[in-house]
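One-letter residues, chain by chain:
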Amino acid sequence: MQGSKRRFILFIAIALVVSMFLAACSEDAGDEKVKEKDSTKVPTSSDAKSVEITWWNFPNFQALDGEVGKYEEGIIAAFQDKNPDIKVNLEMLTFEGGPEKLNVAIATNTAPDVIYDAPGRIIDWGKKDLLAPLNDMMPEEVMSDISPALLKLSMVGDEVYMYPFNTGPFMMAVNKTLFEEIGELDLLPLDRPDRTWSVEEYEKALNAVKEKAPDIIPSGFYAKSVAGDQGTRGYITNLGGSRFLNEDYSEVAINSAAGVKGLEWVVQASRDGLVAPGAASLEAGDHNDLFLQGKMAFAINYSAVLKSLFAPNKTEDFEDILLPYPTPDGSDPKLEPFLGGLAVFNNEDDDKIEASKKLIDFIVNDPEWGEKNLIQTGGLSARNSITGLYEGSEYDYSELARKFITDPPTTADGYAEIRTFWFPALQEAILETKTAKEALDEFAEKANATIEKAKSAK
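No experiment lies behind these values; they were computed from the predicted model shown.

Considering helix 15 (residues 369-377)
Burial in helix 15 covers these residues: Trp369, Gly370, Asn373, Leu374, Gln376 and Thr377. All buried residues of helix 15 lie within an arc of 160 degrees about the axis, which places them on one face of the element. Residues of helix 15 that are buried in the fold lie against helix 3 (70-82), strand 3 (114-117), strand 6 (163-169), helix 13 (304-310), helix 14 (350-365) and strand 12 (380-381). Directly beyond the C-terminal end of helix 15, a positive phi value near 80 degrees is found at glycine 378.

Spelled out as structure tokens, the structure:
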């Protein structure tokens, strides 16, 4: 009996120990389950900050080692080293297909987070409330360091929608080597500090090419699509001494007598063999190729930026020199500014917007990469205080030619649609299915209606 009692007490003790052990195990297991549950609900601090953004870019930087996008990948790698919580995906666009791809992306709510482009599209998106304002990135010391003309191209009202980066006036270029070879270098205004010249002087240079280098096309023109429309605008307005739109952008001015005179000059030059044949079916890229291949003496759409970007595409060894557009009396030309800048699409994600702003700030202002990136564009800085980045007379001249910069029409209400009416008008004039005046009057009618429609939609 006593033994049974001892065995019972031992059994109870063992049971008690086992139950305590199981309870402890159960508690530990419960803690692990809680921990596991909590870990799925609350990410680690590094995960909490992680964000992924997409950057779409036209070939705004010179290709590295001949590979488009390689330089941009270097920017991204350096940025991510300093910002390991931000992943950047790059997609390169072409100047030909990129605009339509952007339109489709916007229409389907799949726009990128960051875009490096020009005011013509960016400001239109800003007017449509598609972009995030960048005012918090532009303190007074930055704003005051950028010319009013460039700021105007970067803003809608008081909101900054494009962070201006690289610039340079759009103008012409000439194959200087060709004029040296034919012994007519003195026909170019290179001995004048500001290189201004008249339409009559320009005509003499074109005719010299036609006579002494009959295998070379004297000058170019193009009218197949909207690409490069700033070149055709600047060329025609200066040839006639006109504006494209009036000063308050309320209506078209290019159909004035002076504007018609400019387009009539192009039509007559086409008849006379001074302009590339088939210009109505040439795109800006075709025009550029003719010049870069040494087949054409003058290009009508050039800048310090384009000179640098085009350099790898030259198939002939010649010196390309910048020239302003000629004017009827040789007075100062009015040059539209090239301006490249970055913008952020408002994709309804504050974290992505902030990460996108960090990328823009790195591209433009990083102590190591900011200047390097600017030089890779071949452009002048949008900041007045940043000069002397390059050596060479063409960059010196481009800096000088800033004084000729005028207000471009690209920020006019409805400009994205206005530009679609421009090249058909040029085609009709060149093909002579309409007179220059008829073509420009019809363009003005459509463009003015678009301006009114855009203003009433505000």
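A word on the environment of asparagine 238
By the element assignment, asparagine 238 lies in helix 10 (residues 229-240). A residue is classified by how much of its surface remains accessible, and asparagine 238, at 5% relative accessible area, is buried. Separated by 90 residues in sequence, asparagine 238 and proline 328 have C-alpha atoms that sit 7.7 Å apart.

Focus: the pattern of salt bridges
This structure, assessed with the given rule, holds 25 salt bridges. Of the charged contacts, one joins lysine 446 and glutamate 442 as a salt bridge, the two residues approaching to 3.4 Å between their closest N and O atoms. In this pair, lysine 446 and glutamate 442 both sit in helix 18 (residues 436-456), four residues apart, roughly one turn of the helix. Look at lysine 446 and you get partly exposed, because its relative accessible area is 39%. Each of Asp229, Arg233, Glu336 and Arg419 takes part in a single network of salt bridges with overlapping partners.

A closer look at the nonpolar core
Ranked by internal contacts, the top residues of the largest apolar core, which has 80 residues, are Phe179, Tyr202, Phe221, Tyr235, Trp265, Phe298 and Phe443. By residue number, the principal contributor to this core is helix 17 (residues 415-431), which donates eight residues. For tyrosine 235, the residues in contact, after removing those within four places along its chain, are Met172, Tyr202, Ser219, Phe221, Trp265, Val266, Ile300 and Tyr325. Counting residues in hydrophobic clusters, the runner-up holds 54 residues, among them Val114, Trp125, Met137 and Met155.

Let's talk about the sheet that holds strand 10 (residues 320-323)
The sheet built from four strands is open, its strands ordered 8-9-7-10 with mixed pairing. Each end of this open sheet is capped by a strand with a single partner; those strands are strand 8 (217-219) and strand 10. Each strand axis lies, on average, 30 degrees off the axis of its neighbour in the sheet, ignoring direction. Seen against the sheet, helix 9 (residues 199-212) touches strand 7 (171-175), strand 8 and strand 9 (296-302) and runs at an angle of roughly 170 degrees to strand 8. Running over the sheet, helix 16 (residues 393-400) touches strand 7 and strand 10 and is turned about 15 degrees from strand 10.

Re the packing of aromatic side chains
Under the definition given, this model contains 26 aromatic pairs. With centroids separated by 6.1 Å and ring planes inclined at 40 degrees, the aromatic side chains of phenylalanine 221 and tyrosine 235 adopt a geometry described as tilted. On the criterion of sequence distance, the pair formed by phenylalanine 221 in the loop between strand 8 and helix 10 and tyrosine 235 in helix 10 is long-range, its members being 14 residues apart. A relative accessible area of 0% places tyrosine 235 in the buried class.

What about helix 10?
End to end, helix 10 covers 17 Å across twelve residues, agreeing with the expected 16 Å (1.5 Å per residue, within 8%). Most of helix 10 sits out of view: twelve of its twelve residues are buried. Of the positions making up helix 10, those classed as buried are Asp229, Gln230, Gly231, Thr232, Arg233, Gly234, Tyr235, Ile236, Thr237, Asn238, Leu239 and Gly240. Next to the buried residues of helix 10 lie strand 7, helix 9, strand 8, helix 11 (257-271), strand 9 and helix 17. Looking one or two places after helix 10, you find glycine 241, whose phi comes out positive at around 80 degrees.

Parameters at a glance
Residues numbered from 1 in each chain as written. Predicted model: local features only at pLDDT ≥ 70, side-chain atom pairs only at ≥ 80, totals over all residues. Heavy atoms only, no water. Buried < 20%, exposed > 50% of the residue type's maximum accessible area, 1.4 Å probe, protein only. Helix = DSSP H or I, 4+ residues; strand = E, 2+ residues; numbered from the N terminus. Arc of directions from axis to C-beta. Contact = heavy atoms within 4.5 Å. Salt bridge = Lys/Arg side-chain N within 4 Å of Asp/Glu carboxyl O. Core = buried A, V, L, I, M, F, W, Y, C linked by side-chain atoms within 4.5 Å. Pairing = 2+ DSSP bridges. Axes fitted to C-alpha atoms, helices over the stretch in contact; angles between N-to-C directions. Phe/Tyr/Trp six-rings, centres within 6.5 Å; stacked < 30°, edge-to-face > 60°. Expected span 1.5 Å × (residues − 1).

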